[in-house]
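Notes for the structure review
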Amino acid sequence: MILYRKRQKNMNLFILLRNHYLLFVVFFLSALFRITNLDLIEFKADEGINLFLSSRPIFGHGFVPGGTVSSLGITNFPLFNYFLFPLVLISTDPRVVSFFIALINSFAIVAFFTVVRRYYNQTIAFVSSTLIALSPWSILFSRKIWPQDFLFPMFVPFFLSIHKIVIDKDD
């Protein structure tokens, strides 16, 4: 009986891997260049200011009512600092924070794959996710401590919502 249950667990794992192997391939391709070579990440004034603003509550200060200042002199909304705060609680090392940002972006590409696979087909999902995963600009803008790095993870729920409204007719 115990041997049967162990064999059944192994069979369930095999079926899971067989049905979802492209998810693992997409995650591997997206994480390949995002999570490796974290010592080569650019860390200048913009990244330093974002790290400083999000780590202020750790040192007894409150959140700043605004984020970084744009090139036009307008203060950005501090939403990125709120997203960055749980990562800064783990570590204030820029490489660790960049690792988690890259990991979040890699999971966002997998989520994009599942949304496209659901509404279109597996081939379109794999090709589009692979192109996003291996795009140099996408890799560059998914590793830094910068508000634009959360564009793709914020795009995926928006993309899903649009498809639910238009295709599923779900309010």
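Now for a quick tour of the structure. (Residues numbered from 1 in each chain as written. Predicted model: local features only at pLDDT ≥ 70, side-chain atom pairs only at ≥ 80, totals over all residues. Heavy atoms only, no water.)

**Quick notes on the overall build of the protein chain**
- Looking only at helices and strands, the protein chain features 8 helices and 0 strands.
- Each helix and strand of the protein chain, ordered N terminal to C terminal, gives the series α-α-α-α-α-α-α-α.
- Counting only contacts in the protein chain whose residues sit at least 6 apart along the sequence, the fraction spanning at least 24 positions is 68%.
- Surface accessibility of the protein chain: about 10900 Å² in total, with carbon and sulfur atoms responsible for 69%. (Helix = DSSP H or I, 4+ residues; strand = E, 2+ residues; numbered from the N terminus. Contact = heavy atoms within 4.5 Å. Areas by Shrake-Rupley, 256 points an atom, 1.4 Å probe, with all protein chains shown as cover.)

**Focus: unusual backbone geometry**
- Positioned with a positive phi, Asn 37 is a non-glycine residue whose angle comes to about 55 degrees.
- Take Asn 37: it is sitting in the loop between α2 (21–35) and α3 (45–55).
- The partly exposed category is assigned to Asn 37, whose relative accessible area is 47%. (Buried < 20%, exposed > 50% of the residue type's maximum accessible area, 1.4 Å probe, protein only.)

**Points about the nonpolar core**
- In this structure, Phe 112, Phe 113 and Phe 152 are the most contacted members of the largest nonpolar core, which totals 17 residues.
- Within the residue set of this core, elements represented by two or more residues are α2, α5 (94–119), α6 (122–134) and α8 (151–166).
- A per-element tally of this core places α5 first, with 8 residues.
- Beyond its immediate sequence surroundings of up to four residues, Phe 112 is in contact with Ser 128, Ser 129, Ile 132, Phe 152, Phe 155, Val 156 and Phe 159.
- Leu 51, Leu 84, Leu 87 and Val 88 belong to the second largest nonpolar core, which has 9 residues in total. (Core = buried A, V, L, I, M, F, W, Y, C linked by side-chain atoms within 4.5 Å.)

**Looking at the pattern of salt bridges**
- A full pass over the atoms with the stated rule returns 6 salt bridges.
- The salt bridge partner of Glu 42 is Lys 144, with a shortest N-O separation of 2.9 Å. Note that Glu 42 is positioned in the loop between α2 and α3 and Lys 144 in the loop between α7 (136–140) and α8, a separation of 102 residues in sequence.
- Among the ionic pairs, Asp 93 bridges to Arg 95, the shortest N-O distance being 3.7 Å.
- You can call Asp 93 partly exposed: its relative accessible area is 27%.
- Under the relative-accessibility criterion, Arg 95 is labelled partly exposed at 46%.
- Among the charged side chains, a network of salt bridges with common partners joins Glu 42, Lys 44, Glu 47 and Lys 144. (Salt bridge = Lys/Arg side-chain N within 4 Å of Asp/Glu carboxyl O.)

**What about the side chain of Asn 105?**
- Within the secondary structure layout, Asn 105 lies in helix α5.
- If sequence neighbours within four positions are ignored, Asn 105 has contacts with Arg 34, Ser 142, Asp 149, Phe 152 and Pro 153.

**Observations regarding the packing of aromatic side chains**
- By the definition in use, this model includes 13 aromatic pairs.
- Ring plane angle 75 degrees and centroid distance 5.3 Å describe the contact between Phe 63 and Phe 85, whose orientation is recorded as edge-to-face. Of this pair, Phe 63 sits in the loop between α3 and α4 (79–90) while Phe 85 sits in helix α4, and the two are 22 residues apart along the sequence.
- Residue Phe 63 is classed as partly exposed on the basis of its relative accessible area, which comes to 33%. (Phe/Tyr/Trp six-rings, centres within 6.5 Å; stacked < 30°, edge-to-face > 60°.)

**Quick look at α3**
- Considered for burial, the residues of α3 that qualify are Glu 47, Asn 50, Leu 51, Leu 53, Ser 54 and Ser 55.
- Buried residues along α3 sit in contact with α4 and α5.

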